[in-house]
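# Summary of structural features
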Amino acid sequence: MKKSLAALVTGLFLMGMAGMASAEVLTFDTMPQGGGAVTLGTWMEWDAAGYIFNESTSETADLFFNDTVDLNAFDLGFINPAGVTNGTVTVAAYGLDASTPAPFDYVQLWTMDVNLTKGQWVTVTTNVAGVDKLSLMPTNFYTMLDNVDYSAVPEPFSVLLLGAGLAGLAGLRRRNN
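Residues numbered from 1 in each chain as written. Predicted model: local features only at pLDDT ≥ 70, side-chain atom pairs only at ≥ 80, totals over all residues. Heavy atoms only, no water.

With that settled, consider the overall build of the protein chain. Summing up its helical and strand segments, the protein chain has two helices and nine strands in all. Walking the protein chain from its N terminus toward its C terminus, one meets helices and strands in the order α-β-β-β-β-β-β-β-β-β-α. The buried share among the 177 residues of the protein chain stands at 35%. Within the protein chain, residue pairs in contact and separated by at least 24 positions form 71% of the contacts whose partners lie at least 6 positions apart. With an accessible surface of roughly 10100 Å², the protein chain has 57% of that area assigned to carbon and sulfur atoms. (Helix = DSSP H or I, 4+ residues; strand = E, 2+ residues; numbered from the N terminus. Buried < 20%, exposed > 50% of the residue type's maximum accessible area, 1.4 Å probe, protein only. Contact = heavy atoms within 4.5 Å. Areas by Shrake-Rupley, 256 points an atom, 1.4 Å probe, with all protein chains shown as cover.)

Looking now at the packing of aromatic side chains. The relative placement of two aromatic rings is captured by the distance of their centres and the angle of their planes. Per the counting criterion, the structure on display carries six aromatic pairs. Centre to centre, the rings of F65 and Y150 are 5.9 Å apart; their planes meet at 50°, and the pair counts as tilted. With F65 in strand β5 (residues 61-79) and Y150 in strand β9 (residues 142-152), the pair connects residues that are 85 residues apart, well separated along the chain. Under the relative-accessibility criterion, Y150 is labelled buried at 7%. A centroid spacing of 6.3 Å and a plane angle of 80° characterise the contact between F74 and W110, whose relative ring orientation is edge-to-face. Of this pair, F74 sits in strand β5 while W110 is found in strand β7 (residues 106-117), placing the two residues 36 residues apart along the sequence. F74 sits in the buried class, given a relative accessible area of 0%. Following the ring pairs from residue to residue traces out a cluster consisting of Y51, F53 and W121. Seen from the ring of Y94, K133 lies directly overhead, with NZ or CZ sitting 4.7 Å from the centre. (Phe/Tyr/Trp six-rings, centres within 6.5 Å; stacked < 30°, edge-to-face > 60°. Lys NZ or Arg CZ within 6 Å of the ring centre and 35° of its normal.)

On to the confidence of the model for the protein chain. Averaged over all residues, the pLDDT of the protein chain equals 82, while 72% of them reach at least 70. Mean pLDDT across the elements of the protein chain bottoms out in helix α1 (residues 2-18) (54) and peaks in strand β8 (residues 122-138) (96). (pLDDT = per-residue confidence, 0-100.)

Below, the discussion takes up the side chain of D75. Residue position: D75 is located in strand β5. Within the buried set, D75 has no salt-bridge partner at all; the shortest N-O distance to an opposite charge, 20 Å, is to K118. Here T123 takes part through its side chain, which lies 2.7 Å from a polar atom of the side chain of D75. Not counting the four nearest positions on each side in its chain, D75 is found in contact with W121, V122, T123, M144, L145, D146 and N147. (Lys, Arg positive; Asp, Glu negative; His and termini not counted. Salt bridge = Lys/Arg side-chain N within 4 Å of Asp/Glu carboxyl O. Polar contact = N/O pair within 3.5 Å; in protein donor to acceptor, adjacent residues only side chain to side chain.)

This brings us to unusual backbone geometry. Although it is not a glycine, N127 adopts a positive phi angle of roughly 55°. Positive phi values are uncommon outside glycine, yet N147 reaches one of about 50°. Examined against the element boundaries, N147 turns out to sit in strand β9. On the basis of relative accessibility, which here comes to 28%, the residue N147 falls in the partly exposed class.

Below, the discussion takes up the nonpolar core. A general tendency of soluble globular proteins is for nonpolar side chains to be buried together. Formed by 31 residues in total, the largest nonpolar core has its most connected members in L63, F74 and L76. The set of elements that each furnish at least two residues to this core consists of β2 (38-40), β5, β6 (86-96), β7, β8 and β9. By residue number, the principal contributor to this core is β5, which donates eight residues. If we ignore the near neighbours within four places in the chain, the residues touching L63 are V38, T39, L40, M44, I52, D132, K133, L134, L145 and V148. (Core = buried A, V, L, I, M, F, W, Y, C linked by side-chain atoms within 4.5 Å.)

And the structure:
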């Protein structure tokens with residue numbers, strides 16, 4: 001019995017380790033919604049050149065992740081209006097806050113001002129866990145977003161441990177009957 005229980009716990013541990021998420025990159029080359037991984041919010045548009053962009057020079061554009069993710073990095077650039085050669089975009093990552101009623105159910109997890117220069121892409125490294133929304137707030141240009149590197153949040157390993165405990169209790173009960 002001890003050997004089979006040890007084998008069960010080891011098997012569950014290995015399954016939990018195998019279920020850990022690996023990083024994915026959304027390139028938006030041919031899929032506006034990133035293959036269903038994201039939803040474009042107001043002011044966010046897809047460009048056939050292979051990126052998404054904020055179609056307003058002054059309004060916040062949101063990218064909604066369809067599942068909570070750990071945001072690793074992304075690339076930013078800008079499409080300039082005439083005469084603009086550089087500018088700053090404020091980028092913020094938000095997570096859902098179940099204690100707050102919609103539509104104010106997001107809590108800011110991270111923010112950063114990014115300086116951009118015409119014709120150049122900048123890679124921003126974030127490493128923020130529990131992200132549900134990424135917001136772009138430009139000052140005077142159209143912000144471009146591409147190569148969003150993220151990891152899906154894995155199912156908590158504690159659920160597998162709970163299952164192992166319940167299986168062990170069921171085995172003990174069966175043995176005693």
